[in-house]
There are 2 protein chains.
Amino acid sequence: MGSTGAEDAAAPSRRGRGEGRGAAARRAMRSGGGPGASSPYIQRRIREYEVLDEEGLALIESNADIVLDEVGIEFRDDAEALALWKDAGCDIRGERVHFPKGLCRELLKTAPATFTQHARNGARSVQIGGKATVFAPVYGPPFVRDLEGVRRYATIEDFRNFVKLAYMAPSLHHSGGTVCEPVDIPVNKRHLDMVYSHIRYSDKPFMGSVTAPERAEDTVEMCKILFGADFVDQNCVVINLINANSPMVFDETMLGAAKVYARNNQATVISPFILAGAMSPVTVAGTLTQVLAEVLAGAAFTQLIRPGAPVVFGTFAASISMQSGAPTFGTPEPSLVSYGAAQLARRLNLPFRTGGSLCGSKVADAQAAHESANTLNTTLLAGTNFVLHAAGWLEGGLVSSYEKFMIDIDQLGMMQRMAEGVDLSESGQAMDAIREVGPGSHYLGCAHTQANFQTAFYRSNLADNNSYEQWLAEGEKRIETRANALCRSWLQNYQAPELDAGIDEALLAFVRQRKESMPDAFT
Amino acid sequence: MGSTGAEDAAAPSRRGRGEGRGAAARRAMRSGGGPGASSPYIQRRIREYEVLDEEGLALIESNADIVLDEVGIEFRDDAEALALWKDAGCDIRGERVHFPKGLCRELLKTAPATFTQHARNGARSVQIGGKATVFAPVYGPPFVRDLEGVRRYATIEDFRNFVKLAYMAPSLHHSGGTVCEPVDIPVNKRHLDMVYSHIRYSDKPFMGSVTAPERAEDTVEMCKILFGADFVDQNCVVINLINANSPMVFDETMLGAAKVYARNNQATVISPFILAGAMSPVTVAGTLTQVLAEVLAGAAFTQLIRPGAPVVFGTFAASISMQSGAPTFGTPEPSLVSYGAAQLARRLNLPFRTGGSLCGSKVADAQAAHESANTLNTTLLAGTNFVLHAAGWLEGGLVSSYEKFMIDIDQLGMMQRMAEGVDLSESGQAMDAIREVGPGSHYLGCAHTQANFQTAFYRSNLADNNSYEQWLAEGEKRIETRANALCRSWLQNYQAPELDAGIDEALLAFVRQRKESMPDAFT
């Protein structure tokens, strides 16, 4: 049923004990002051922000029940799914499933409110749900904007680089999934290289392939090599993004992947992918209603497959420009959707995923930052548990940007500090300092400041706060320029976490054998 | 005691009725699609975010009482102030005032919880307090970054430009005060040109001079010419920024200006100016304690001068880098201070001022935007009533930036939309749309979308969301470049609001006469 405590999440996995957090921290120290030791995940001490009251929530829940009953949800090209729903008591018309009121909620009672996703380094295992927040990098872009400033198709080299950067970033708790699409590798094989890269170049938890059921099977097989088959059957070691084809459709591919992972007791994130105005109504309440209906159906489906399999309430919320049809990010309406969806998820007792550092800008300029910051502040205050796209997302998700990645992880560090809330201890109250300093003096040298200044304030490694004259003398650098230099230095200083040689060989052999069995043996 | 309703705030002032909101809207339409009609102010329908619980709030209040009693607050070079405090029952030691527990809170019972600041165009009068939020531009920079990209000293021409831009900006509700320092005018005279510019080039409410008591008197005199002496005595027509010299000092200049305004029933914003770590302890709770003590003393002082005079609980919160000593903005600690101070202000039943679009960056890059967005999101969700520095602030407040001004006002528009919250009307619920569209289709052409798309989503006039190819073809413009062009177009299309010729002449005569009476007659 999943664990609820931080202690559980930090428990070491069956293998990979050699790389504890202390070792990572020491290595980070050696690597030259850039990357540092990760906190395993954020434990929020601040409350959630809410935009709906009880009446509004009940109204949307009631409307979602009407949608599930009257309109129904399509489960396409999947006879097994339709049979399961029929057995569960649904009315099936063609591929459309109509749900009796309350059925999905009843089924979801077996889903864990929180669970642990184990990493091969047990100190980096994460809790998903409750007061925990886990930041993962960008997911999905076919392009990168590289360190030469060139926008081009992504390669497996880029993929490895982003895995390495996420490994080194103290504010990222997760290695993510498709950090970019390695389009230099055939589409039927690249999932093997992606999963291997996450395992080889990082020891943080990661995501699996969902682009075909057999690729999901490959992911699970590789997890079994890493963690052992019994461990995998009883524990979550991989989390997987299952998008609904909004409005109100789950297709064969997504259902196939979801079934593989649920059957293997691995986590799915059931995420309506919403560009409001196109895939959902142009209103926040209408979008929330549809999102809730889709998640109820998709998440309950995982419990039909295997009761107790971990499942996350996902929401990807953006709007479209009603003038150009282009997606827009960081605007108020998606923020309202995220806040509302988080409330609905909590009432369902499910972990919640939304947001990240989303933007539509083509470059890491002020537009990118405003849109990302609006989304990210919402993501944190909504009480989001699992945050994809937290670093590196550019151009509406078409591009993984190295520079923006570095800028974003600095902001994630700020969110982590924000989540700690106000320290009301005796030291936090600082009454001794106020008494010592008194009117008209300053606090720079007082005992309390001396004792606390190292940890008092969040310390950005990219923001320039020097004098104008010094900034001029240093070449009038914009933050992207500083981010570029920092990124190069991190990649130069990267050191791979140790991986048991026997496991590495077994993984490579599996990848080789699977590739050889496939029609195109190009790589 | 001030008014509490939106109706009151929108009531026309004694003069300037000729320029109603309808006329402004029509003129904005004519001016070419850029500037638009202002909402008079934001009426938040969303709740406030809170970082402290009852226990934490009570602890900080109790600590502030201890500071007021044991440590005391200095009122410097002002015998009248000390005499007033003595009569009120305080213990005076030198210039330090020690307050009996509860005295300041008792005195503050006469301060209004909300009040109206009247504009010469009654449709632009604003409510300060309660669920209202008023955005005002940057205050104080001696430099500008101009439309040629040059950083230089500000002039009266720049000052007029920022007043014009704020007048045209739909998301700014206020003309502000020292939108930049016109350093080409002698320091003893420039307040006259500043106040005149606000009156002449805008019809939104504005701020007065606080740099010397006689300049505050000049401000009040000019307000009397504009609104009539009786009206000024009974209504707030100007709001004024009174900074505490933190820690725990009010100086002669600030006290002098505060006395002039309070005596004339005009509003003061009592604002500790805090760079935490220098002017306050390095902790959030310690800073909040000192802020509360300073505001209690300063705000209560206005009630000693004239019970009922409007006064705002102000907090300017930033931190300093403990490495370089430079101020930093948009970091988590100032956000926590702002949220906490807003809670303390609500418990005192006083309107609250904090935040804005603060940043330390030298240019309007991603650093500037992240820092501004972090501050601004906090400002809105804290429930801030009066927001200085909402547009144009750059480089820690040393620079007023034209480009950033345009970028910021777009973000302010988003905050306004965010503040409306979730529409739960029948149209908001959009059940007809969901039923009409059904699974697997899209909402672009459905009746509900057609009926609502014009107003459904916030529409940025600066964000680029077009395709990459189109962006390339249009010259790979960053947002600053687009902001620059938009700013030039607004300034070209500016049309002054009408001002009664007799009032204008009287104002100019007053300015001339006052300048002639001063030692340096250079301008």
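All values reported here derive from a predicted model rather than from experimental measurement. (Residues numbered from 1 in each chain as written. Chains lettered and ligands numbered in written order. Predicted model: local features only at pLDDT ≥ 70, side-chain atom pairs only at ≥ 80, totals over all residues. Heavy atoms only, no water.)

Asker: Could you clarify how one ought to interpret the overall build of chain A in this entry?
Answerer: When helices and strands are counted, chain A shows 20 helices and 19 strands. Its C-alpha atoms give chain A a radius of gyration of 23 Å, within 12% of the compact-globule value 24 Å for 523 residues. C-alpha extents for chain A along the principal axes are approximately 75 × 60 × 50 Å. Across the 523 residues of chain A, 67% fall into the buried class. In chain A, of all internal contacts separated by at least 6 residues, the share reaching a separation of at least 24 is 77%. Here chain A displays about 17000 Å² of accessible surface, and carbon together with sulfur accounts for 50% of that area. (Helix = DSSP H or I, 4+ residues; strand = E, 2+ residues; numbered from the N terminus. Rg over C-alpha atoms; globule rule 2.2 N^0.38 Å. Buried < 20%, exposed > 50% of the residue type's maximum accessible area, 1.4 Å probe, protein only. Contact = heavy atoms within 4.5 Å. Areas by Shrake-Rupley, 256 points an atom, 1.4 Å probe, with all protein chains shown as cover.)

Asker: Looking at this model, I keep getting lost on the pairing of strand β14 (residues 311-314) of chain B. Mind explaining?
Answerer: The side chains of a regular strand alternate between both faces of the sheet. Residue and element names in this part refer to chain B. On β14, burial covers both faces: V311 and F313 on one face and V312 and G314 on the other are all buried. Here three bridges tie strand β13 (residues 267-276) to β14, and the two strands are oriented parallel to one another. Within the sheet, the bridge partner assigned to T268 lies in β14 and is V311. Between β13 and its parallel partner β14, the chain crosses via helix α11 (residues 284-305), and the hand of that crossover is right-handed. Bridge count between β14 and strand β17 (residues 352-353): two bridges; the pairing is parallel. Directly across from F313, in β17, lies its bridge partner F352. (Pairing = 2+ DSSP bridges. Right-handed = clockwise from strand over helix to strand, strands pointing away.)

Asker: So what exactly am I meant to see when it comes to the pattern of salt bridges here?
Answerer: Side-chain pairing between opposite charges can occur once the charged atoms of the two side chains come close. All names here are of chain A. One pass over the full model with this rule turns up 66 salt bridges over all chains. With its nearest N and O atoms 2.5 Å apart, the salt bridge here joins E80 to R263. Taken together, the residues E80 in helix α4 (residues 79-87) and R263 in helix α10 (residues 252-263) connect sequence positions 183 residues apart. On the basis of relative accessible area, E80 is assigned to the partly exposed category, the value being 34%. Judged by relative accessible area, which is 41%, R263 ranks as partly exposed. Overlapping salt bridges bring together D78, E80, K259 and R263 as one network. (Salt bridge = Lys/Arg side-chain N within 4 Å of Asp/Glu carboxyl O.)

Asker: I'm lost on the state of the cysteines in this one. Help?
Answerer: Two cysteines form a disulfide when their sulfur atoms are joined by a covalent bond. All names here are of chain A. Per the counting criterion, the structure on display carries zero disulfides over all chains. Of the cysteine sulfurs around C90, a residue in no disulfide, the closest is that of C104, at 6.5 Å. The class of C90 is buried, set by a relative accessible area of 8%. (Disulfide = S-S within 2.5 Å.)

Asker: Whenever I open this one, the packing of aromatic side chains confuses me. Can you help?
Answerer: Centre-to-centre distance and the angle between the planes together describe a pair of aromatic rings. By the definition in use, this model includes 35 aromatic pairs over all chains. Taken together, the ring pairs connect F75(A), W85(A), F99(A), F250(A) and F301(A) into an aromatic cluster. The ring of Y201(A) has K164(A) sitting right over it, with the charged end atom 5.2 Å from the ring centre. Over the aromatic face of Y468(A) sits the side chain of R151(B), whose NZ or CZ is 3.6 Å from the ring centroid. (Phe/Tyr/Trp six-rings, centres within 6.5 Å; stacked < 30°, edge-to-face > 60°. Lys NZ or Arg CZ within 6 Å of the ring centre and 35° of its normal.)

Asker: Where do I start with the relation of the copies chain A and chain B in this structure?
Answerer: The pair of chain copies shares a relation made of a rotation about an axis and a shift along it. Of the transformation superimposing chain A on chain B, the axial component is 0.0 Å and the angular component is 180°, with the fit at an RMSD of 0.0 Å. Such a turn and shift between the copies fits a two-fold axis. Within chain A, the C-alpha atom positioned nearest to the axis of rotation is that of A366(A), 2.2 Å from it. When the interface residues of chain A are mapped onto chain B, 100% of them again lie at the interface, so the same face is used by both copies. (Least-squares fit on C-alpha atoms with pLDDT ≥ 70 in both.)

Asker: Explanation requested: the sheet that holds strand β9 (residues 151-153) of chain B in the structure shown.
Answerer: To summarise the sheet geometry, strands pair through backbone hydrogen bonds and adopt either a parallel or an antiparallel arrangement. All names here are of chain B. The sheet built from four strands is open, its strands ordered β9-β8-β20-β19 with mixed pairing. At either margin of the open sheet sits one strand with a lone partner, and together these are β9 and β19 (393-394). Relative to the sheet, helix α14 (residues 402-419) contacts β8 (143-145), β19 and β20 (399-401), its axis offset from that of β20 by approximately 65°. (Axes fitted to C-alpha atoms, helices over the stretch in contact; angles between N-to-C directions.)

Asker: Would you explain helix α3 (residues 54-71) of chain B in this entry?
Answerer: For an α-helix the count is 3.6 residues per turn, leaving residues at separations of three or four pointing the same way. All names here are of chain B. With 18 residues, α3 extends 25 Å from end C-alpha to end C-alpha; this agrees with the ideal 26 Å at 1.5 Å per step. Residues G56, L57, I60, E61, N63, A64, D65, V67, L68 and V71 constitute the buried set of α3. Following α3 by one or two positions, G72 adopts a phi angle in the positive range, close to 85°. (Expected span 1.5 Å × (residues − 1).)

Asker: Sorry if this is basic, but what is going on with the side chain of R190(A) here?
Answerer: Residues and elements named next belong to chain A. Tracing the chain through its elements places R190 in helix α7 (residues 190-201). There is a polar contact of 2.6 Å between the side chain of R190 and the side chain of E181. At 3.2 Å, the side chain of R190 forms a polar contact with the backbone oxygen of P182. Residues within four places of R190 in sequence aside, it is in contact with E181, P182, V183 and I185. (Polar contact = N/O pair within 3.5 Å; in protein donor to acceptor, adjacent residues only side chain to side chain.)

Asker: Please clarify how the confidence of the model for chain A should be interpreted in this entry.
Answerer: Residues and elements named next belong to chain A. Scored by pLDDT, chain A comes out at a mean of 92, with 92% of its residues at no less than 70. Across residues 1-34, where pLDDT falls below 50, the model places 75 contacts with residues more than four positions away in sequence or in other chains. Interface confidence in the predicted complex, given as ipTM, is 0.93; pTM for the same model is 0.93. (pLDDT = per-residue confidence, 0-100.)

Asker: Please explain the domain arrangement of chain A as it appears in this structure.
Answerer: Interfaces are often described in size by the accessible area the parts lose on coming together. Taken domain by domain, chain A holds domain 1 (104-420) and domain 2 (430-456). Just the C-alpha atoms count here: the centres of domain 1 of chain A and domain 2 of chain A sit 43 Å apart. (Domains from an automatic or database assignment.)

Asker: Honestly, the interface of chain A and chain B in this entry has me stumped. Any pointers?
Answerer: Chain A puts 116 residues into the contact, and the matching count from chain B is 117 residues. Both sides of the chain A and chain B interface together cover about 9600 Å² of buried area, and 66% of this is carbon and sulfur. At the boundary of chain A and chain B, one finds 10 salt bridges. One salt bridge in this structure joins E480(B) and R478(A), with 2.6 Å as the shortest N-O distance. Scanning the region where chain A abuts chain B turns up 40 residue pairs in polar contact (both at pLDDT 80 or more). A breakdown of the residues in the side of chain A that touches chain B according to their chemical character gives 54 nonpolar, 38 polar and 24 charged. (Buried area = accessible area lost by both parts, 1.4 Å probe. Nonpolar A, V, L, I, M, F, W, Y, C, P; charged D, E, K, R; others polar.)

Asker: Looking at this structure, how should I read the packing of helix α4 (residues 79-88) of chain B against α11(B)?
Answerer: The packing of two helices is summarised by the inter-axis angle and the distance between the axes. Residue and element names in this part refer to chain B. Between α4 and α11, the shortest axis-to-axis distance is 11 Å and the interhelical angle comes to 90°. Classified by the angle between their axes, α4 and α11 sit roughly perpendicular to one another. Seen from α4, the contacting residues are A81, L84, W85 and A88; seen from α11, they are A297, A300, F301, L304 and I305. Looking at the contact of α4 with α11 residue by residue, the classes come out as nine nonpolar, no polar and no charged. (Parallel < 35°, antiparallel > 145°, perpendicular 65-115°, else oblique.)

Asker: Would you take a moment to explain unusual backbone geometry for this structure?
Answerer: If a residue is not glycine, its phi is most likely negative; likewise, a peptide bond is most likely trans. Omega for the peptide link from S246(A) to P247(A) comes to 5°, which places this bond in the cis form. Position of P247(A) relative to the elements: it lies in the loop between β11 (238-244) and β12 (249-250). A positive phi angle is found at H389(B), which is not glycine, with a value near 60°. Turning to its location among the elements, H389(B) is positioned in the loop between β18 (386-387) and β19.

Asker: Could you clarify how one ought to interpret the sheet that holds strand β3 (residues 91-93) of chain A in this entry?
Answerer: All names here are of chain A. Strands sit in the order β3-β4-β2-β12 across an open sheet of four strands; the sheet is mixed. One side of each edge strand has no neighbouring strand; the edge strands of this open sheet are β3 and β12. Bridging between strand β2 (residues 73-75) and strand β4 (residues 96-98) involves two bridges; their strand directions are antiparallel. Residue pairing across strands places E74 opposite R96, the latter belonging to β4.

Asker: Got a minute to help me understand helix α20 (residues 501-516) of chain B in this structure?
Answerer: Residue and element names in this part refer to chain B. Between the first and last C-alpha of α20 there are 22 Å, a value that for 16 residues agrees with the 22 Å anticipated at 1.5 Å per step. Turning to α20, its buried residues number three or more, namely I503, D504, L507, F510, V511, R514 and K515. End-on, the buried residues of α20 take up no more than an arc of 125°, which puts them together on one face. Away from the buried face of α20 by more than 90 degrees, exposed residues A501, E505 and E516 are located. Along its buried surface, α20 packs onto α7 (190-201) and α8 (213-227). (Arc of directions from axis to C-beta.)

Asker: Can you walk me through the environment of G383(A) in this structure?
Answerer: Residues and elements named next belong to chain A. Among the structural elements, G383 can be located in the loop between α13 (366-382) and β17 (386-387). Owing to a relative accessible area of 5%, G383 belongs among the buried residues under this scheme. Placed 37 residues apart in sequence, G383 and R346 show a C-alpha to C-alpha distance of 9.3 Å. Here G383 is in contact with R44, E48 and R346, once residues within four sequence places are set aside.

Asker: Before we go on, may I ask you to explain the packing of α13(A) against helix α13 (residues 366-382) of chain B in this structure?
Answerer: The N-to-C vectors of α13(A) and α13(B) enclose an angle of 40°; their axes lie 8 Å apart at closest approach. On the basis of the axis angle, α13(A) is oblique to α13(B). For the pair α13(A) and α13(B), the crossing hand works out as right-handed. Taking contact as the criterion, the partners of A366(A), A369(A), H370(A), S372(A), A373(A), N374(A), N377(A) and L381(A) in α13(A) are, on α13(B), A366(B), A369(B), H370(B), S372(B), A373(B), N374(B), N377(B) and L381(B). (Left-handed = near helix turned anticlockwise from the far one by under 90°.)

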